[in-house]
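Chains, contacts and geometry: an overview
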Amino acid sequence: MKSELYSTLPDEMLGRLLFTGDEKAYEAIYQRYWRSLFSIATWKTNSQVAAEELVQELFLRLWENRQKTLIENPEAYLKTALRYSVIGFIKARLASSQIELGEAPEQAADVRADMGVDLEELSAALENALNMLPEKTRLVFQMSRFEQRSTSEIARQLGLTDRAVEYHITQSLRLLRFQLKDYLSYSIIYTVLFS
């Protein structure tokens, strides 16, 4: 198959071809998504160098694991993987900033341990807060923040107007800010939800 034909294939087909080890499918996925992933990573990390590294590592893992999991929606898979990579980057940056402040290695280890507990609490609080949202509002929020979908994409997929999608996002942010007010000092939760 000619390489220009790959660029016209739907994501599901590219995912299936990738699973078979097709390099052209991998290249098509890379060409289709690297720019948007780089943009998201730059925005979330506030560093082009870090963003480039995260995206490169993401695509490297995609290729290395190509035959372990059939990926039917490469865009959603990559954006979710990037989200976890960014969270890992932010956690590492928080831990290193503690060390840079002159804490002893034992104190830095305690901070990381405390942070792990706090992140578990934070994760549970976030899940509880999301479950308190009305179903459609929660779905719109997850598509917007976790899948990085645009307002028009969400509207089209759910059969809503752009204005209705914006309403649901505004409502979810208002409710989540209230429910997670004790956790908003954590840059991770702020980055994930509100940026």
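Above this text you will find the structure in question.
We now turn to the structure provided with this report.

Moving on: the overall build of the protein. Along the protein, the regular secondary structure elements total ten helices and zero strands. Counting only residues that meet the buried cut, the protein has 37% of its 195 residues in that class. Across the protein, every contact between residues at least 6 apart in sequence was considered, and the portion connecting residues at least 24 apart equals 60%. In the form shown here, the protein has an accessible surface area of approximately 11,500 Å², with 52% of it arising from carbon and sulfur atoms.

Next up on the list: the packing of helix H7 (residues 135-145) against helix H8 (residues 151-158). Orientation of H7 relative to H8, taken along the N-to-C sense of each, is 140 degrees, at an axis distance of 10 Å. Classified by the angle their axes make, H7 and H8 are oblique. In this structure, H7 crosses over H8, and the sense of that crossing is right-handed. Touching Leu-139, Val-140, Met-143 and Ser-144 of H7 are Ile-154, Gln-157 and Leu-158, all from H8.

Below, the discussion takes up the nonpolar core. Residues Ile-29, Leu-37, Phe-59, Leu-62, Leu-78 and Leu-82 are the most contacted members of the largest nonpolar core, which totals 25 residues. Elements supplying a minimum of two residues to this core: helix H2 (11-19), helix H3 (23-45), helix H4 (48-64) and helix H5 (74-100). Residue contributions to this core peak at eight residues, all from H3. Sequence-distant contacts of Leu-82, that is, excluding residues within four places in its chain, are made with Leu-37, Ile-40, Ala-41, Leu-54 and Leu-58. Formed by 16 residues, the second largest nonpolar core is a distinct cluster that contains Leu-130, Leu-133, Val-140 and Phe-146.

Our next topic: H2. Within H2, burial applies to Asp-11, Leu-14, Gly-15, Leu-17 and Leu-18. An end-on view of H2 places all buried positions within 165 degrees of arc, on one side of the element. Two residues or fewer past H2, Gly-21 is found with a positive phi of approximately 95 degrees.

Calculation criteria
- Residues numbered from 1 in each chain as written.
- Predicted model: local features only at pLDDT ≥ 70, side-chain atom pairs only at ≥ 80, totals over all residues.
- Heavy atoms only, no water.
- Helix = DSSP H or I, 4+ residues; strand = E, 2+ residues; numbered from the N terminus.
- Buried < 20%, exposed > 50% of the residue type's maximum accessible area, 1.4 Å probe, protein only.
- Contact = heavy atoms within 4.5 Å.
- Areas by Shrake-Rupley, 256 points an atom, 1.4 Å probe, with all protein chains shown as cover.
- Axes fitted to C-alpha atoms, helices over the stretch in contact; angles between N-to-C directions.
- Parallel < 35°, antiparallel > 145°, perpendicular 65-115°, else oblique.
- Left-handed = near helix turned anticlockwise from the far one by under 90°.
- Core = buried A, V, L, I, M, F, W, Y, C linked by side-chain atoms within 4.5 Å.
- Arc of directions from axis to C-beta.

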